[in-house]
Amino acid sequence: MKERILILGAGGQIGSELAPFLAEKGNEVFVSDIRLLNTSFPFEQVDVCDFNALKALFEKVRPDSVYHLAALLSATAEKDPQKAWQVNVEGLRNVLECCIQYQVKRLFWPSSIAVFGPNSPKENTPQHTVLEPTTIYGITKVVGEHLCHYYHLRFGLDVRSLRYPGLISYKALPGGGTTDYAVEIFYKAIAKQRYTCFLAPNRALPMMYMPDALEATYQLMQAPSERLSVRTSYNIHAFSFTPEQLAKEIQKHLPAFQCDYAPDFRDKIAQSWPQSIDDSIARRDWQWQPHYNFATMVKDMLTHIKEKVLSSQT
Ligand code: NAD
Ligand code: AKB
């Protein structure tokens, strides 16, 4: 069914792909961001922390569904914890309030593997386990999950959420996360045959290719409400790898490529996160299944980034 969809924080790594993806499904898509965007979709520049401006946007668009992607990611959040709280928690609360006031049918809000911390199991981290994050980003995501759950229980808002792992894509650059190395490495491998990684060589993290993340988001939003047993946020997983394993996989295609390591504060963040995720509840409730594995993701990334680099040189 064709819907009016509003995407907040639409200019980032996910939003810049989600907008055309949802439009191709036949929906009418409106986009918004705090930054001025160069986009073919109807656009309004709005800060989600400005409640009156946000309300005016909902009044104007009257969306059926909202995808709220505006946030500060883990590394950026650690540099400015106050702003991270404001955007990630106060911004979300503003969006939840507008969804109630404007009778939005469904809200999507992404959480992250960052909700887990050093006391959560590292391997096959379960859906329901200890959530004691040691980053401000992770703390805002735990609060966000509980706010979404509360608005569902208290006001009946149909809010749905995924704990995305690190997302790998070639269309837009990532926006200041700990998993960004897994995108940067491809550009450097192609342009310079050399990359210095900010994580330790053996730092395994859960990851996913963007086409699977878009499909997962769509499938969750299409699922009948009564099938959803999780109203905080669903664990989802595709594959895990270390920087060293990624460098070796790239070397299969580009043998001259070399990777060095200079771990910084982001390695400490990564160290507190899980290495792999148990997503059996998402698989059971709404038949989640990824299509890309580690090897097919690497091959596809290299093909597309080579094309991008070549076309920027001509
Ligand atoms: P991004 O940083 O690439 O994009 C975020 C967008 O939000 C940017 O365009 C930014 O300008 C906008 N924004 C920031 N502050 C704003 C404000 N006050 N008002 C309006 N817009 C604002 O992030 P992304 O990778 O697209 O992530 C989107 C969501 O998905 C976030 O909630 C993030 O935590 C979550 N997530 C992303 C990943 C990933 O690997 N990309 C993984 C887990 C969760
Ligand atoms: C980040 O590294 O901050 C994000 C995430 C996993 O939430 N990619």
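A. Highlighting the domain arrangement of the chain. When the domains of the chain are assigned, the result is domain 1 (4-166 + 210-235) and domain 2 (170-206 + 238-277 + 293-313). Its C-alpha centre places domain 1 at a distance of 25 Å from the equivalent point of domain 2. Counting from both sides, the interface comprises 25 residues of domain 1 and, opposite them, 22 residues of domain 2. Both faces combined, the contact of domain 1 with domain 2 buries some 2000 Å², and carbon together with sulfur accounts for 59% of it.

B. Structural context of helix 8 (residues 243-253). Of the residues making up helix 8, those classed as buried are Pro243, Leu246, Ala247, Glu249 and Ile250. Seen along its axis, helix 8 keeps its buried residues to an arc of 165 degrees; they face one direction. For helix 8, exposure combined with an orientation more than 90 degrees from the buried face picks out Lys248 and Lys252. Contacts made by the buried residues of helix 8 are with helix 6 (181-192), strand 10 (194-197), strand 13 (239-241), strand 14 (258-261) and helix 11 (294-313).

C. The sheet that holds strand 6 (residues 111-112), seen in detail. Ordered in space as 6-8-12, the three strands form an open sheet in which the pairing is parallel. One side of each edge strand has no neighbouring strand; the edge strands of this open sheet are strand 6 and strand 12 (234-235). In terms of strand pairing, strand 8 (residues 162-164) meets strand 12 through two bridges, oriented parallel. For arginine 163, the partnering residue across the bridge sits in strand 12 and is asparagine 235. Along the sheet face, helix 7 (residues 210-222) touches strand 8 and strand 12 and points at about 175 degrees away from the line of strand 8.

D. Representation of the pattern of salt bridges. Following the criterion strictly, the structure yields 16 salt bridges and no others. For glutamate 28, the salt bridge is made with arginine 4, and the minimal N-O distance between the two is 3.5 Å. Linking glutamate 28 in strand 2 (residues 28-33) with arginine 4 in strand 1 (residues 4-8), this pair joins segments that are 24 residues apart in sequence. Assessed through its relative accessible area of 33%, glutamate 28 is described here as partly exposed. Classification of arginine 4 as partly exposed rests on a relative accessible area of 27%. Across the salt bridge formed by arginine 160 and aspartate 158, the nearest N and O atoms sit 2.9 Å from each other. In this pair, the class of arginine 160 matches that of aspartate 158, namely buried. What emerges from the salt-bridge pattern is a single network uniting Asp158, Arg160 and Arg231.

E. Just the site of ligand 1, in detail. Lining the immediate environment of ligand 1, one finds 26 residues, of which Gln13, Asp33, Arg35, Asp47 and Tyr137 sit closest. Within the contact set of ligand 1, an oxygen atom lies 2.9 Å away from a backbone nitrogen or oxygen of isoleucine 14. Those elements that provide at least two residues to the shell around ligand 1 are strand 6, helix 5 (136-155) and strand 9 (166-168). Residue classes in the shell around ligand 1 are distributed as 14 nonpolar, eight polar and four charged.

F. Just the nonpolar core, in detail. Core analysis: the biggest nonpolar cluster contains 47 residues, and Ile168, Tyr181, Phe186, Phe241, Leu246, Ile250 and Met297 have the highest contact counts within it. A total of eight residues in this core trace back to one element, the largest contributor, which is helix 6. The two domains that each donate at least three residues to this core are domain 1 (4-166 + 210-235) and domain 2 (170-206 + 238-277 + 293-313). Excluding residues within four positions of it along the chain, isoleucine 250 makes contact with Ile185, Phe186, Ala189, Phe257, Val298 and Leu302. One finds Phe108, Leu162, Leu228 and Ala282 within the second-largest nonpolar core, a separate group that totals 33 residues.

G. Representation of the sheet that holds strand 9 within the structure. As summarised here, the arrangement of the three strands in space is 9-11-13, forming an open sheet in which the pairing is mixed. With partners counted over all chains shown, the strands left at the sheet margins are strand 9 and strand 13, one partner each. The mean inter-strand angle of the sheet, taken between neighbouring strand axes irrespective of direction, is 45 degrees. In the sheet, strand 11 (residues 205-209) pairs with strand 13 via three bridges, with the strands oriented antiparallel. The residue of strand 13 that forms the bridge with methionine 207 is phenylalanine 239. Of the strands in this sheet, strand 9, strand 11 and strand 13 are in contact with helix 6, which crosses strand 9 at around 25 degrees. The strands touched by helix 7 are strand 9 and strand 11; relative to strand 11, the strand with the most contacts, the crossing angle is about 80 degrees.

Rules used in this analysis
- Residues numbered from 1 in each chain as written.
- Chains lettered and ligands numbered in written order.
- Predicted model: local features only at pLDDT ≥ 70, side-chain atom pairs only at ≥ 80, totals over all residues.
- Heavy atoms only, no water.
- Domains from an automatic or database assignment.
- Contact = heavy atoms within 4.5 Å.
- Buried area = accessible area lost by both parts, 1.4 Å probe.
- Buried < 20%, exposed > 50% of the residue type's maximum accessible area, 1.4 Å probe, protein only.
- Helix = DSSP H or I, 4+ residues; strand = E, 2+ residues; numbered from the N terminus.
- Arc of directions from axis to C-beta.
- Pairing = 2+ DSSP bridges.
- Axes fitted to C-alpha atoms, helices over the stretch in contact; angles between N-to-C directions.
- Salt bridge = Lys/Arg side-chain N within 4 Å of Asp/Glu carboxyl O.
- Near = heavy atom within 4 Å.
- Polar contact = N/O pair within 3.5 Å; in protein donor to acceptor, adjacent residues only side chain to side chain.
- Nonpolar A, V, L, I, M, F, W, Y, C, P; charged D, E, K, R; others polar.
- Core = buried A, V, L, I, M, F, W, Y, C linked by side-chain atoms within 4.5 Å.

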